[in-house]
Amino acid sequence: MTTELIRLLAFLVGIIAFAALNAAYLVWVERKGAAHFQRRIGPKEVGPYGLLQPLADGAKLMSKQLLIPDGVDPILFKIAPLMVLVPAVMSFVTIPFGEHLAARNIDLGLLMVFAFASINVLGLLLGSWGSANKYAVIAAARVISQNIAYEIPMLLTAIALVMATNTMNLNEMVSLQGGGFWHWNLIKLTFTASPLTPIAFLIFFTTMLAETNRAPFDMAEAESELVAGSFTEYSGMGFGVFFMGEYANIVIGAALTTVLFLGGWQSPLPFLPNSVVWFLMKMYVIIFTVVWIRWTFPRTQFYALLNLSWKVLIPISLVNLIVTAGWLKVF
Amino acid sequence: MAYFNELYSGTKSLFIGMGITIKEFFKPVVTLQYPHESLTMTARFRGHIELVRDLESGGNKCIVCGMCQKACPSGCITGNGEKREGVKGKVLTEYTLDFTKCSLCGMCVESCKPAAIQFSKDYNLAGPSREAYIYDLLKRLEEQK
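Residues numbered from 1 in each chain as written. Chains lettered and ligands numbered in written order. Predicted model: local features only at pLDDT ≥ 70, side-chain atom pairs only at ≥ 80, totals over all residues.

Focus: the overall build of chain A
Secondary structure assignment for chain A yields 12 helices and zero strands. Secondary structure of chain A in N-to-C order comes out as α-α-α-α-α-α-α-α-α-α-α-α. Computed over C-alpha atoms, the radius of gyration of chain A comes to 20 Å, within 12% of the 20 Å expected from 2.2 N^0.38 for 331 residues, which places it in the range of a compact globule. Expressed as lengths along the three principal axes of its C-alpha atoms, the size of chain A is roughly 65 × 50 × 50 Å. The buried share among the 331 residues of chain A stands at 44%. (Helix = DSSP H or I, 4+ residues; strand = E, 2+ residues; numbered from the N terminus. Rg over C-alpha atoms; globule rule 2.2 N^0.38 Å. Buried ≥ 20, exposed ≤ 12 C-beta atoms within 10 Å, placed from the backbone.)

Here it is in structure tokens:
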């Protein structure tokens, strides 16, 4: 009983620390990445290589006044940032960082992550609606339609994966990918389940970007058109929490991609030991790619965004689902 | 079929774009870290004027002829000199430039027979008051030693 409680507390503290640390330092990664893609240096004044910049940013955000404008819905306005951050942190519960390193090894882990992932959008919607700002409401409408459009292909590719691996338990899914990189779902399923798996990976990655509202799908923010979209009326730590939630969501998205397609904590070569290091390495490569994409592509037009989902991603992921089903039946 | 072609070329173009940006990522940075380092100005850059150091005497080369003062269309330059015992010609005692009025036309530099003034390479100028731009060039030359 007590060990269970200690375990629970340890994971709670660990997860929150991990999420907060990542949120803080991903901002640094983002700024450094952006700078180097544009051949600048980026933050360099605060601490060596600008490494203390996130602390300075945090101190600044916390010292700012938390302004609540007239006419906002006081409850929704205050709850919304938490509704973006908390589900993201909750999703960490079931992510298997290592073979025995997961807060809870839930059998329906994948379902749980997806369930919590959609609350994030609800938070954005409520925050935008509560702040009684026209830009925020437009952003909310966009986020919702984008999310509906992109949740479908994401779930369809995930279903195909679940059909092939026969499990929704994330740790088990990683266990099934052991023994070298050719056993990872990305490559393994190409032979055993569906030759479309690499394409499914691309679809999953694209929808992951859209789900986390990252450029080029950052319709929630769209600062050139909508001031700051959903975050227009937020100041100080209210905005800070939104921001942390966004980065926590990116970490979740990258972790999920790692678990589902890239073999989680499994080492890429059979003679190397499995460890949490592999998981983190893969995850950060994915996160770097996310940053890389943000600083490569301009924001898509909203219609193009919906067209991409309804005309391309959904049909292809449906085809992938059918091919997977057929493949499993025949072989 | 056109659908698949478009899909293929579209996806390909995305990867090409990412290839370009990752190449830029590993190239050296091109920005100058301004307050810590600054550019050396080119030979023909025109900053405000300064007195040229006379390498033989270590002082200035001015003969106090007053040509620059006359040549200046804006009247920025005030010069003064005096006769001293044992020194040939006049000695410069005052040389002030009111840079707030200077248009960097270069008439003074052109009119100077002994080539005692030249354009400086100072470009990062900022000051709290108008008076900060009235330069005592004689003092400046001494301070530069």
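Quick look at the overall build of chain B
Helix and strand content of chain B: four helices and five strands. Its helices and strands in sequence order give chain B the pattern α-β-α-β-β-α-β-β-α, from N to C terminus. In summary, chain B has a C-alpha radius of gyration of 27 Å against a globular reference of 15 Å for 145 residues, an excess of more than 25%. Taken over the C-alpha atoms alone, chain B extends approximately 100 × 30 × 30 Å along its principal axes.

Brief notes about the pairing of strand β2 (residues 77-83) of chain B
Residues and elements named next belong to chain B. In terms of strand pairing, β2 meets strand β3 (residues 90-98) through seven bridges, oriented antiparallel. Of the residues in β3, the one forming a bridge with Glu82 is Val91. Linking β2 back to β3 in an antiparallel pair, the connection comprises six residues, with Gly86 at a positive phi of about 80°. (Pairing = 2+ DSSP bridges.)

Side note on unusual backbone geometry
All names here are of chain A. The phi dihedral of Tyr49 falls on the positive side, at around 55°, and the residue is not glycine. Considering the arrangement of structural elements, one finds Tyr49 in the loop between α1 (2-37) and α2 (53-63). Not every positive phi belongs to a glycine, and Ala132 is a case in point at roughly 50°. Structurally, the position occupied by Ala132 is in the loop between α4 (109-130) and α5 (134-165).

Observations regarding the interface of chain A and chain B
Across the boundary between the two partners, chain A contributes 10 residues, which contact 11 residues of chain B. Looking at the side of chain A that touches chain B residue by residue, the classes come out as six nonpolar, two polar and two charged. (Contact = placed C-beta atoms within 7 Å. Nonpolar A, V, L, I, M, F, W, Y, C, P; charged D, E, K, R; others polar.)

Overview of helix α10 (residues 236-261) of chain A
All names here are of chain A. Spanning 26 residues, α10 covers 38 Å between terminal C-alpha atoms, matching the ideal 38 Å at 1.5 Å per step. Among the 26 residues in α10, 23 count as buried, and that is most of the element. With its phi angle positive at about 75°, Gly263 sits one or two positions after the end of α10. (Expected span 1.5 Å × (residues − 1).)

Topic: the confidence of the model for chain B
All names here are of chain B. For chain B, mean pLDDT is 86; residues scoring 70 or higher make up 99% of the total. Averaged pLDDT values over the elements of chain B bottom out at 84 in helix α4 (residues 137-143) and peak at 90 in helix α3 (residues 107-111). Interface confidence for the predicted complex, expressed as ipTM, amounts to 0.72; the pTM equals 0.79. (pLDDT = per-residue confidence, 0-100.)

Topic: the nonpolar core
With 80 residues, the main nonpolar core has A:Phe204 and A:Ala248 as its most contacted residues. Non-local contacts of A:Phe204, meaning those with residues more than four positions away in its chain, are made with A:Met154, A:Thr157, A:Thr257, A:Leu260 and A:Phe261. (Core = buried A, V, L, I, M, F, W, Y, C linked by C-beta atoms within 7 Å.)

Concerning the pairing of β3(B)
Pairing between β3(B) and strand β5 (residues 134-136) of chain B: three bridges, direction antiparallel. In the strand pairing of β5(B), B:Leu97 is matched with B:Tyr135.

Some remarks on the sheet that holds β5(B)
Residue and element names in this part refer to chain B. With respect to topology, three strands assemble into an open sheet ordered β2-β3-β5, the strand pairing being antiparallel. In this open sheet, the two strands that pair with only one neighbour each are β2 and β5. Across the sheet, the axes of successive neighbouring strands diverge by a mean angle of 15°, strand direction being ignored. (Axes fitted to C-alpha atoms, helices over the stretch in contact; angles between N-to-C directions.)

Things to note about α4(A)
Counting along an α-helix, one turn takes 3.6 residues, and residues three or four places apart therefore face a common direction. In a regular helix each residue adds 1.5 Å, so 22 residues correspond to 32 Å; α4(A) covers 32 Å between its end C-alpha atoms and thus fits that length. With its phi angle positive at about 50°, A:Ala132 sits one or two positions after the end of α4(A).

Examining the environment of B:Phe45
Residues and elements named next belong to chain B. Considering the arrangement of structural elements, one finds Phe45 in the loop between α1 (2-25) and β1 (49-51). With 13 C-beta atoms packed within 10 Å, Phe45 lands in the partly exposed category. Sequence-wise, Phe45 and Gly10 are 35 residues apart; in three dimensions their C-alpha atoms are separated by 48 Å. Once residues within four sequence positions are removed from consideration, Phe45 is found in contact with Phe119 and Lys121.

Details of the packing of α5(A) against helix α8 (residues 197-211) of chain A
Residues and elements named next belong to chain A. Here α5 crosses α8 at 145°, and the two axes come no closer than 9 Å. Taken as a pair, α5 and α8 cross one another with a handedness that is left-handed. Contact with α5, carried on its side by Gln146, Asn147, Tyr150, Pro153, Met154, Thr157 and Ala160, involves Ala200, Ile203, Phe204, Thr207, Ala210 and Glu211 of α8 and no other residues of that element. Taken together, the residues of the contact of α5 with α8 sort by class into eight nonpolar, four polar and one charged. (Left-handed = near helix turned anticlockwise from the far one by under 90°.)

What to know about the packing of α1(A) against α2(A)
Residue and element names in this part refer to chain A. At a closest axis distance of 9 Å, the pairing of α1 and α2 adopts a crossing angle of 115°. Handedness of the α1/α2 crossing: right-handed. Note on element contacts: α2 touches α1 through Gln53, Pro54, Asp57 and Gly58, opposite Ala24, Tyr25, Val27 and Trp28. Grouping the constituent residues of the contact of α1 with α2 by class yields five nonpolar, two polar and one charged.

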